[in-house]
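# Close look at the chain arrangement
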Amino acid sequence: MIDLKKLAADPDAYRRSLAKRGAESVDVDGVLKAQQDVTQLTQEYEQLRVQSKELTRRAARDEALRAQARDLRDQQTELETRLRQAREELNAKASWLPNYLDDRVPAGDESDNTVIRAAVLPDTDRTYRPHDEIAQGLGILDTERAAKLSGSRFYVLKGDGVRLRMAMFQLYLDMVEGQGFELVSPPVLAKRFSFYASGYLPFAQSDNFGIADSELSLTGTSEQALLAMHADEVLPELPVKYLGDSMCFRTEAGSHGRDVRGMMRVHQFYKLEQFLYCAPDEVEALHLQMLDNEVAFIDALNVPSQTIICSSGDVAAPGFFKYDVEAWFPANQTFRELTSNTNLTDYQTRRAGIRTRIDGKMVHPYTISATGFCDRHIAALLENNQNDDGSVTVPEALRPYLGGREVLRPVG
RNA sequence: GGAGGCUUCGCCUAGUCCGGUCUAUGGCGCCGCACUGCUAAUGCGGUUUGGGUUAAUCGCCCAUCCGGGGUUCAAAUCCCCGAGCCUCCGCCA
């Protein structure tokens, strides 16, 4: 939710932001009108309440006034109904307003993303095999059996694949030691409200798996839980930093035929998420700190990567400013998104009713949602650290967490 | 699945039986001031949140006692539905 007072004060500033998103169809005037209606009805209602309260006070000792008081109450009830309807209309409309965009966000689609840190690619003409072939060779990935079990866009991760995931988990914890993160493993089933609060609903209605005969859906990221679990709270101090540990579930609606092979775009994957609440004046520094964590981790996996500022078309509705880190996938000679790091300003905390006191004033804290690592990192690691015989050299940083092993060898 | 208890403005709490200055009590914490020759003690005052009014402050007004609905001139208080927490029993990884 954006700040409606700020919107009313300068609608054109918001319209410019919408234009950059290509979202001119959003009904700004309708929201402003609905807001005025609510304000006006509220004032009328309050005036009636004053009269009603006064009359009630006197009616306590004077039965003759009770008929009159009853009449006033009925008027009040009627006005209350209209006020409630006006509020509902305002909420329904306002929930469709995306966040403002930072001035630094380039207008356009994916092709307009701005590279702010270039990758250092290996100077070689050797050929690389795609990560899924390497993984199958190592016997750590089984997509055929996953298809029998669950269908397409799933994988069974086995043996050293699971160990790699656990090793990465431990390495990540050690690398961000001292930064004040609390490790949290939240539920992956959440109520509708949680998806609304985090800004996924109503925009991305079809992205999540619902549970039949239940209000619950599977979360696409622990971000949704780490936000909603603090709904309606006043946070005593900032920043609050979490590492969210969870499986993530996504329908991948609208991505038919893209990345159907391997581990890149699936219905279920593991992710360790960096999620934090902070004061507005510390958001820039923390945003960069999260980015540094991501890059340092990917570097530690010996995976070349570049950092980009995402263009307007690549920033989801609740986002204000987003960095992506893209890993080099040498088999296809292409960069693919590995991590995503968004400053969401107070958009989510407004929706969730999360506040904090800064200099004695109640304000909505800012949130940052940034990937720590996820299963895609395994794919990037395998593809970039493969050897010609199909084995994979374990990056040095990971070796202590894999019993000192230096190489993962193909089976049979 | 069964039975019972609980939910009050940061935390704890009075008030609910029997509706009416409840305009919600007190303590802790916090803030301000005063005092004391120390960042101790004490005293006085303030301290829910959201909205409205205002250029803004002060003030004033409206709402707010887990959520929703109902009864009533009037609801923290009575009735109904729901949520959450707790205890005991049952069942079960």
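Residues numbered from 1 in each chain as written. Chains lettered and ligands numbered in written order. Predicted model: local features only at pLDDT ≥ 70, side-chain atom pairs only at ≥ 80, totals over all residues. Heavy atoms only, no water.

### Topic: the packing of aromatic side chains
Rules: Aromatic contacts are taken between Phe, Tyr and Trp rings whose centres are within 6.5 Å, Trp giving its six-membered ring; a plane angle under 30 degrees counts as stacked, one over 60 as edge-to-face, and the others as tilted. Exposure is judged per residue with a 1.4 Å probe applied to protein chains only, and the accessible area is read against the type maximum: over 50% gives exposed, under 20% gives buried, and values in between give partly exposed.
What the rule picks out here adds up to nine aromatic pairs. With centroids separated by 5.0 Å and ring planes inclined at 70 degrees, the aromatic side chains of Phe321 and Tyr323 adopt a geometry described as edge-to-face. For the pair Phe321 and Tyr323, one class covers both residues: buried. The structure contains a cluster of three or more aromatic residues connected by ring pairs, namely Tyr172, Tyr270, Phe297 and Phe373.

### A word on the domain arrangement of chain A
The condition that has to hold: The domain boundaries here were taken from an automatic or database domain assignment.
Examined at the domain level, chain A breaks down into domain 1 (4–94) and domain 2 (110–408). Inter-centroid distance (C-alpha atoms) of domain 1 to domain 2 is 42 Å.

### Thoughts on the side chain of Arg265
To keep things clear, this is the line we draw: Numbering of helices and strands runs from the N terminus; a helix is a DSSP stretch of H or I covering at least four residues, while a strand is a stretch of E covering at least two. Polar contact is the term for a pair of N or O atoms within 3.5 Å; when the atoms are in protein, one must be able to donate a hydrogen and the other to accept it, and sequence-neighboring residues count only if both atoms are side-chain atoms. When checking whether two residues touch, look at their non-hydrogen atoms; a contact exists if any pair is within 4.5 Å.
Here Arg265 shows up in the loop between strand S8 (240–249) and strand S9 (268–278). Taking relative accessible area as the criterion, Arg265 reaches 17% and is therefore assigned buried. Among the polar contacts listed, one links the side chain of Arg265 to the side chain of Glu252, at a separation of 3.3 Å. Each residue touching Arg265, except ones within four places of it in the same chain, is listed here: Arg153, Glu252, Ser255, Arg258, Asp259 and Arg376.

### Some details on the layout of surface pockets
Keep this limit in mind: Definitions used for this entry: grid spacing 1 Å over protein atoms alone; cavity, a set of points where a 1.4 Å probe fits but cannot get out; pocket, an open set with protein on both sides within 12 Å along at least 5 of 7 lines; lining residue, one with an atom within 4 Å of a point. Grid points are joined across faces, edges and corners, and a volume is the space filled by probe spheres set on the points. Under the convention adopted here, Pro, Cys and the residues Ala, Val, Leu, Ile, Met, Phe, Trp and Tyr are nonpolar, Asp, Glu, Lys and Arg are charged, and Gly plus all remaining residues are polar.
Within this model, the second largest pocket holds a volume of roughly 310 Å³. Around the second largest pocket sit 17 residues that line it, and Lys6, Ser17, Tyr100, Leu101 and Phe320 are the ones nearest its centre. A total of four residues in the lining of the second largest pocket trace back to one element, the largest contributor, which is helix H2 (residues 11–21). In the lining of the second largest pocket, the residues fall into six nonpolar, three polar and eight charged. For the lining of the second largest pocket, the two domains that each supply at least three residues are domain 1 (4–94) and domain 2 (110–408).

### Some remarks on the protein's contact with RNA strand B
To be explicit about the condition: What makes a residue near a molecule or strand is one non-hydrogen atom of that residue sitting within 4 Å of it.
Surrounding RNA strand B, one finds 17 residues, the nearest of these being Arg49, Arg70, Arg73, Arg355 and Arg357. For RNA strand B, the fraction of atoms within 4 Å of the protein that belong to sugar or phosphate moieties is 70%. At 2.8 Å from a phosphate oxygen of RNA strand B is found a side-chain nitrogen or oxygen belonging to Arg357. Elements with a contribution of two residues or more to the surface near RNA strand B: helix H3 (28–59), helix H4 (66–94) and strand S13 (355–358). In terms of residue count, H3 provides more of the surface near RNA strand B than any other element does, seven residues in total. For the surface near RNA strand B, the per-class residue count stands at five nonpolar, two polar and 10 charged.

### Re a negative patch on the surface
The line we're drawing: Exposure above 30% relative accessible area and no salt bridge define the residues that can form patches, which grow by joining like charges within 9 Å and nonpolar side chains of Val, Leu, Ile, Met, Phe, Trp and Tyr within 5 Å. Surface accessibility in these figures is a Shrake-Rupley result with a 1.4 Å probe; residues are shielded only by whichever protein chains are displayed. For salt bridges, the criterion is a side-chain nitrogen of Lys or Arg within 4 Å of an Asp or Glu carboxyl oxygen. Residues scored as positive are Lys and Arg, those scored as negative are Asp and Glu, and His as well as the terminal groups of each chain are ignored. Charge placement uses NZ in Lys and CZ in Arg. For Asp and Glu, CG and CD serve respectively.
Residues Asp109, Glu110, Asp112 and Glu337 make up a contiguous surface patch of negative charge. Topologically, Glu110 is positioned in the loop between H4 and strand S1 (114–117).

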